Amino acid sequence: MIRYIPIAIVSEQYKWMANFWAYCQKKAYGQNAIPNSLVAIVNQNTYNSNVYNSVDWELLGLPYYMSPPIWNYVNSKNDLCVVINVVSALKPLLKNFDDNDTLVLCDMDMVLLKPYNGILPDDNTIICYDGYEDWHMFIANKEKQNYNKIVPYLTHPEQGYMNGGFVPIFIKAKLLKKIIDELIATAEEIVESEEDPPWKWWSCMTALSIVCHNNKIKMVGQDNTYIPNFNKYNQDKHYFAHYSVDPIFNKRTFPNHKIDEYPNNSFYNVIKEWIVR
């Protein structure tokens, strides 16, 4: 079974984003969204922030789980470790999944536009959106400009395993169980390194490529995600929309939007449906 698992923190912004995500899941899968969807809500964000034991979010009947924070798994007190939550929030949940379940790790500002019927990972591959490589990362091979930053973490010289990709990440539960601790530890090392803070912000993305390389896990890139203000929407290819940098459906200014000015495509139309329902 495919299991979609976005990661959230407790805030008013994440509350409405989770409701929008749940709406899209139900629109795509109907009642089947209940068994295939789970919102992992981290109960503490930064090191000194409040701890929450429950939330009052409207998730349209979809389940959620209050996950422990990254601080349970690292020694670092650097608040940039919060980016590792996208992986670490699943750690207590993994025992509940069958080894052959396909887990879909995603950010909360990423929604499904239609039921997924694309390629799935095998026991030693992951499927991921690789558009980040030539946007943020530049690490996939020796010719890329940031490759030198990851060389100290690499354990063998073979090429062809990593691609700088990230969410949505399709990975079998058995494989995530195998590498999750290494992912967390590698990302923490990057946060604690001498690199500049902007590079540390990508620590979990970087760690995924490093760990896949070191374990000879093939990262298979897919153009399956529409990122407004970065790429052009393709109705056939794009199963997901990631509105992280969208200046139109701007998550930082919502709900102060004029929805009648939204473009006419599947992503913006589902936003309008969600708002006026």
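Residues numbered from 1 in each chain as written. Predicted model: local features only at pLDDT ≥ 70, side-chain atom pairs only at ≥ 80, totals over all residues. Heavy atoms only, no water.

Draft legend 1. Expanded view of the packing of helix H6 (residues 173–191) against helix H8 (residues 203–214). It is the contact of H6 with H8, at a shortest axis distance of 8 Å, that shows an interaxial angle of 130 degrees. Here H6 lies oblique to H8, going by the angle between them. Regarding H6 and H8, the two cross each other, and that crossing is right-handed. On H8, the residues that touch Ile179, Glu182, Leu183, Thr186, Ala187, Ile190 and Val191 of H6 are Ser203, Cys204, Thr206, Ala207, Leu208, Ile210, Val211 and Asn214. Along the lines of polarity and charge, the residues of the contact of H6 with H8 split into 10 nonpolar, four polar and one charged. (Axes fitted to C-alpha atoms, helices over the stretch in contact; angles between N-to-C directions. Helix = DSSP H or I, 4+ residues; strand = E, 2+ residues; numbered from the N terminus. Parallel < 35°, antiparallel > 145°, perpendicular 65-115°, else oblique. Left-handed = near helix turned anticlockwise from the far one by under 90°. Contact = heavy atoms within 4.5 Å. Nonpolar A, V, L, I, M, F, W, Y, C, P; charged D, E, K, R; others polar.)

Draft legend 2. Representation of the state of the cysteines in the model. Within the structure shown, the criterion is met by zero disulfides. Here Cys204 is not disulfide-linked; the sulfur of Cys81 is the nearest cysteine sulfur, at 10 Å. (Disulfide = S-S within 2.5 Å.)

Draft legend 3. Examining the pattern of salt bridges more closely. Scanning the model with the defined rule gives 11 salt bridges in all. Put simply, Asp99 and Lys177 hold a salt bridge, and the shortest N to O gap is 2.7 Å. Of this pair, Asp99 sits in the loop between helix H3 (85–88) and strand S4 (102–107) while Lys177 is found in helix H6, placing the two residues 78 residues apart along the sequence. Between Lys174 and Asp123 there is a salt bridge, and its shortest N-O distance comes to 3.5 Å. In this pair, Lys174 sits in helix H6 while Asp123 sits in the loop between strand S5 (110–112) and strand S6 (125–129), placing the two residues 51 residues apart along the sequence. Its relative accessible area of 40% is what places Asp123 among the partly exposed residues. Because the salt bridges share partners, they merge into one network encompassing Asp123, Lys172 and Lys174. (Salt bridge = Lys/Arg side-chain N within 4 Å of Asp/Glu carboxyl O. Buried < 20%, exposed > 50% of the residue type's maximum accessible area, 1.4 Å probe, protein only.)

Draft legend 4. Structural context of unusual backbone geometry. Between Val167 and Pro168 the backbone carries a cis peptide bond, its omega angle lying at 0 degrees. Tracing the backbone through its elements, the reader meets Pro168 in strand S7 (residues 166–172). The amide bond that connects Phe254 to the next residue, Pro255, takes the cis arrangement and shows omega of 15 degrees. As for its position among the elements, Pro255 is in the loop between strand S10 (240–242) and helix H9 (266–276). The phi torsion at Leu60 lies on the positive side, around 55 degrees, for a residue other than glycine. Along the chain, Leu60 falls in the loop between strand S2 (39–42) and strand S3 (64–67). With a relative accessible area of 24%, Leu60 lands in the partly exposed category. One non-glycine residue, Asn229, lies in positive phi territory at about 80 degrees.

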